[in-house]
Amino acid sequence: MAIWTALLVKAVATALIVVIASVAAEAAGPFWGGLIISLPIAAGPAYVMLSLQHDAGFIAASALGSFAANAATFVLLTVIALLAPRYPRYPRYIVIGGGVSSWLIAVLAIRAVEFSLGGAALLNVVVTVLALWLTRPATRVPAVARGTRRRGWLVLPLRAALVGLVVASVVTASRALGPGVTGMASVFPVAFTSFAFLVLPRVGGAAAAAVMAAAIRAMPGFALSLLALHLVAEPFGAWWALLAMLSTSLLWSAGMLLWRTARARPAAAVSAPGPGICRSSPSQGA
């Protein structure tokens, strides 16, 4: 009973983390939305729970499976980013169902190959480059408009229950699944799918696609965090590996923020009026 109670508490805590992050992402715009929702808010707590049940070798092997399967998440994000602008002509079940179906197909294809660390890294690089190229049009949406529809009172509890169910199922079945399948299941993109389900009717398809495209640009940080988890787990232990996982993801996010700030400064300097130049006011003549 104590084990199940602890699992329930951890699953609920994980669900709350995902819900808070996705609600913040909805209100923050494409760049911030993609950055927030790409943090290891579901896989991180799942690996914490796995570390309580398994040794460092299991965690390292699972992380390698997650690293390879992470390429499928780029496929899901790309498909949703391409389908979302056609909403509402394409209903939500087509947009999200297309993304999830593509993820399942990609994961099954990845599962059929025994990837080494180098092979998994190459796979992620190739899929990332393709995803960046295919989703360039979606990045041109400047901001996420505020939704005009009120969020139903059942949406957040249902989303929390979905996340908690996935995390609890992965951890419970991990002994039977083995490290490879456990790693793949741990990175099921429940945060992205639940986020897309919520925001499509609220902000529109173009804005939702922009968030997914921004997430693609933030997701290499998550891939590197899984790589760090795999490399650090056996030499230093699972808990140091989890710290390396979180630190790597945060460092990538910090780098993206610095890059965005550096790009914004020249644009601000160009738009600012030069010395001795006054901005015209409505009261001044032509």
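In this text, all values refer to a predicted model and were calculated from it rather than measured experimentally.

A.B. asks: Mind showing me how you'd approach the overall build of the protein chain here?
C.D. replies: Looking only at helices and strands, one finds 10 helices and 0 strands in the protein chain. Each helix (α) and strand (β) of the protein chain, taken in turn from the N terminus, gives the series α-α-α-α-α-α-α-α-α-α. Each of the 286 residues in the protein chain was classed as buried or not, and the buried ones make up 46%. Long-range pairs, those at least 24 residues apart, make up 84% of the contacts in the protein chain between residues at least 6 apart in sequence. Working note: accessible area of the protein chain is about 14400 Å², and carbon and sulfur atoms make up 71% of it.

A.B. asks: What is the right way to read empty space enclosed by the protein from this model?
C.D. replies: Over the atoms, a rolled probe matching the size of one water molecule traces out where space is still vacant. Using the criterion set out here, one finds 3 cavities of 30 Å³ or more in the structure. Considered as a void within the structure, the largest cavity measures approximately 160 Å³ in volume. Along its surface, the largest cavity is lined by 18 residues, and Leu39, Ala42, Pro189, Phe192 and Phe222 are the ones closest to its centre. In terms of residue count, helix H8 (residues 190–203) provides more of the lining of the largest cavity than any other element does, 3 residues in total. Partitioning the lining of the largest cavity into residue classes produces 14 nonpolar, 4 polar and no charged.

A.B. asks: So what exactly am I meant to see when it comes to the nonpolar core here?
C.D. replies: Here is a general trend for soluble globular proteins: nonpolar side chains tend to be buried in one another's company. Counting residues in hydrophobic clusters, the biggest one holds 63 residues, and the most contacted among them are Tyr47, Leu77, Phe192, Met212, Leu229 and Met245. Those elements that provide at least two residues to this core are helix H3 (43–53), helix H4 (56–83), helix H5 (92–111), helix H6 (117–134), H8, helix H9 (205–236) and helix H10 (238–271). No other element matches H9, which puts 16 residues into this core. When residues no more than four places from it in sequence are discounted, the contact partners of Met245 are Pro40, Ala43, Gly44, Tyr47, Phe222, Ser225, Leu226 and Leu229.

A.B. asks: What is the right way to read the layout of surface pockets from this model?
C.D. replies: Taken as a whole, the second largest pocket encloses approximately 260 Å³ of empty space. Taken together, 14 residues make up the lining of the second largest pocket; nearest its centre are Asn124, Val125, Thr128, Pro220 and Trp252. Residue assignment for the lining of the second largest pocket shows that the elements contributing at least two residues are H4, H6 and H9. For the lining of the second largest pocket, the leading source of residues is H9, giving 6 residues.

A.B. asks: I tried to follow the side chain of Ser102 on my own but got confused; where do I start?
C.D. replies: Position of Ser102 relative to the elements: it lies in helix H5. Ser102 has contacts with Val75, Leu76 and Val79, leaving out every residue within four places of it along the chain.

A.B. asks: Looking at this structure, how should I read the confidence of the model for the protein chain?
C.D. replies: The predicted coordinates of low-pLDDT regions are not to be read in fine detail. Summary statistics for the protein chain give a mean pLDDT of 80 and a share of 73% for residues scoring 70 or more. Per-residue pLDDT, averaged within each element of the protein chain, yields its smallest value for helix H1 (residues 2–28) (63) and its largest for H6 (96). Taken as a whole, residues 143–149 scores under 50 in pLDDT and shows 16 contacts with residues more than four places along the chain or in a different chain.

A.B. asks: So what exactly am I meant to see when it comes to the packing of H5 against H8 here?
C.D. replies: Two measures define how a pair of helices packs: the angle their axes make with one another and the distance between the axes. Two elements in contact, H5 and H8, have axes whose closest approach is 10 Å; the angle formed by their N-to-C orientations is 160°. As summarised for this structure, H5 and H8 are arranged roughly antiparallel, according to the angle between their axes. Between H5 and H8 lies a crossing whose hand is right-handed. Side by side, H5 and H8 meet where Arg92, Val95, Ile96 and Val100 of the first sit next to Thr193, Ala196, Phe197, Leu200 and Pro201 of the second.

A.B. asks: Even after reading the chapter, I still don't get the environment of Leu52, so can you show me in this structure?
C.D. replies: Inspection of the secondary structure puts Leu52 in helix H3. Of the residues examined, Leu52 reaches a relative accessible area of 51% and is grouped as exposed. With 186 residues separating them along the chain, Leu52 and Ala238 place their C-alpha atoms 9.2 Å apart.

A.B. asks: How should unusual backbone geometry be read in this particular structure?
C.D. replies: Residues apart from glycine generally show negative phi values, whereas peptide bonds are mostly found in trans. Cis geometry is adopted by the peptide bond preceding Pro88, which originates at Tyr87 and carries an omega value of 10°. Within the fold, Pro88 resides in the loop between H4 and H5.

A.B. asks: Mind showing me how you'd approach the packing of H3 against H4 here?
C.D. replies: Relative to each other, H3 and H4 sit at 150°, their axes nearing to 11 Å. One finds that H3 runs roughly antiparallel with respect to H4. The element H3 and its partner H4 pack so that their crossing is right-handed. Where H3 approaches H4, its residues Tyr47, Leu50 and Ser51 are matched on the opposing element by Ile59, Ser62, Ala63 and Ser66. In the contact of H3 with H4, the residues fall into 4 nonpolar, 3 polar and no charged.

The rules behind each value
Residues numbered from 1 in each chain as written. Predicted model: local features only at pLDDT ≥ 70, side-chain atom pairs only at ≥ 80, totals over all residues. Heavy atoms only, no water. Helix = DSSP H or I, 4+ residues; strand = E, 2+ residues; numbered from the N terminus. Buried < 20%, exposed > 50% of the residue type's maximum accessible area, 1.4 Å probe, protein only. Contact = heavy atoms within 4.5 Å. Areas by Shrake-Rupley, 256 points an atom, 1.4 Å probe, with all protein chains shown as cover. 1 Å grid on protein atoms, 1.4 Å probe; cavity = no way out; pocket = protein on both sides within 12 Å on 5 of 7 lines; lining within 4 Å. Points joined across faces, edges and corners; volume = space filled by probe spheres on them. Nonpolar A, V, L, I, M, F, W, Y, C, P; charged D, E, K, R; others polar. Core = buried A, V, L, I, M, F, W, Y, C linked by side-chain atoms within 4.5 Å. pLDDT = per-residue confidence, 0-100. Axes fitted to C-alpha atoms, helices over the stretch in contact; angles between N-to-C directions. Parallel < 35°, antiparallel > 145°, perpendicular 65-115°, else oblique. Left-handed = near helix turned anticlockwise from the far one by under 90°.

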